[in-house]
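Understanding the architecture of this molecule
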Amino acid sequence: MNIFVAKLNFKTRKEDLQAAFEQFGEVSSAKIVLDRDTKRSKGFGFVEMPNDNEALQAIAALNEKELDGRVIVVKPANPKPANNY
DNA sequence: GCTGAGCGT
């Protein structure tokens, strides 16, 4: 299950995201979307969880919750956009 | 060094 995480603190890193979600289940990968030029966080990211029910629990538990001092938004992600680099 | 909606280099 792909999970979309928004309104992250700009200093939050991908490992911080993964650590937060691992409390509720297995996390295969976590990612913070960085700006292509400045490499700074765009303030949102994605988390991949193999187990769907654990993913839903993690979403329910972390949505509207606080991470690194910021209230984040967690919801199922949309399909990946087409590769147009 | 900075900002604050929203879906990925």
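Residues numbered from 1 in each chain as written. Chains lettered and ligands numbered in written order. Predicted model: local features only at pLDDT ≥ 70, side-chain atom pairs only at ≥ 80, totals over all residues. Heavy atoms only, no water.

1. Comments concerning the overall build of chain A
- For chain A, the helix and strand inventory stands at two helices and six strands.
- If you line up chain A on its principal axes, its C-alpha atoms span 35 × 30 × 20 Å.
- Going through the 85 residues of chain A one by one, you find that 32% of them count as buried.
- A sequence separation of at least 24 residues applies to 58% of the contacts in chain A between residues at least 6 apart.
- Within the structure as shown, chain A displays about 5,800 Å² of accessible surface, and the carbon and sulfur contribution to it stands at 49%.
- On chain A, the mean spot of the 13 positive side-chain charges and the mean spot of the 12 negative ones are 9 Å from each other. (Helix = DSSP H or I, 4+ residues; strand = E, 2+ residues; numbered from the N terminus. Buried < 20%, exposed > 50% of the residue type's maximum accessible area, 1.4 Å probe, protein only. Contact = heavy atoms within 4.5 Å. Areas by Shrake-Rupley, 256 points an atom, 1.4 Å probe, with all protein chains shown as cover. Lys, Arg positive; Asp, Glu negative; His and termini not counted. Charge placed at Lys NZ, Arg CZ, Asp CG, Glu CD.)

2. Re the nonpolar core
- Ile3, Val5, Leu17, Phe21, Val47, Met49 and Val74 are the most contacted members of the largest nonpolar core, which totals 18 residues.
- Once you skip the residues sitting within four places of it in the chain, Phe21 turns out to touch Ile3, Val5, Val27, Val47, Met49, Ala58, Leu62 and Val74. (Core = buried A, V, L, I, M, F, W, Y, C linked by side-chain atoms within 4.5 Å.)

3. As for the UniProt feature "domain: RRM" (unreviewed entry) in chain A
- Following the UniProt record, the feature "domain: RRM" (unreviewed entry) maps to residues 1–79 here.
- A helix fraction of 25% and a strand fraction of 34% characterise residues 1–79, whose end C-alpha atoms lie 11 Å from each other. (UniProt positions renumbered as here; feature names shortened; annotations may be inferred.)

4. Looking at the sheet that holds strand E1 (residues 2–6)
- Pairing is antiparallel in the open sheet, where four strands are placed in the order E2-E3-E1-E6. The open sheet terminates on both sides in strands that have one partner only, identified here as strand E2 (29–34) and strand E6 (73–76). Each adjacent strand pair in this sheet contributes to an overall mean axis angle of 25°, direction not counted.
- The pairing of E1 with strand E3 (residues 41–48) spans four bridges and is antiparallel. By the bridge assignment, Ile3 is partnered in E3 with Val47.
- Along the sheet, helix H1 (residues 14–22) makes contact with E1, E2, E3 and E6, crossing E2 at roughly 140°.
- In this fold helix H2 (residues 52–62) packs onto E1 and E6, with an angle of close to 155° to the strand it touches most, E6. (Pairing = 2+ DSSP bridges. Axes fitted to C-alpha atoms, helices over the stretch in contact; angles between N-to-C directions.)

5. Structural notes on H1
- Along H1, the positions that sit buried rather than exposed are Leu17, Ala20 and Phe21. Along the axis of H1, the buried residues cluster in a sector spanning 90°; they form a single face.
- As for H1, its buried residues are in contact with E1, E2, E3, H2, strand E4 (66–67) and E6. (Arc of directions from axis to C-beta.)

6. Some thoughts on the pairing of E2
- Bridge count for E2 against E3 is five bridges, and the pairing is antiparallel. Residue pairing in the sheet places Ala30 in a bridge with Val47 of E3.
- The turn linking E2 back onto E3 is made up of six residues, and Lys39 within it adopts a positive phi angle of 65°.

7. Brief notes about the environment of Val71
- Inspection of the secondary structure puts Val71 in strand E5 (residues 70–71).
- Placed twelve residues apart in sequence, Val71 and Ile59 show a C-alpha to C-alpha distance of 13 Å.
- Apart from residues no more than four positions distant in its own chain, Val71 is found in contact with Lys7, Glu64, Lys65 and Glu66.

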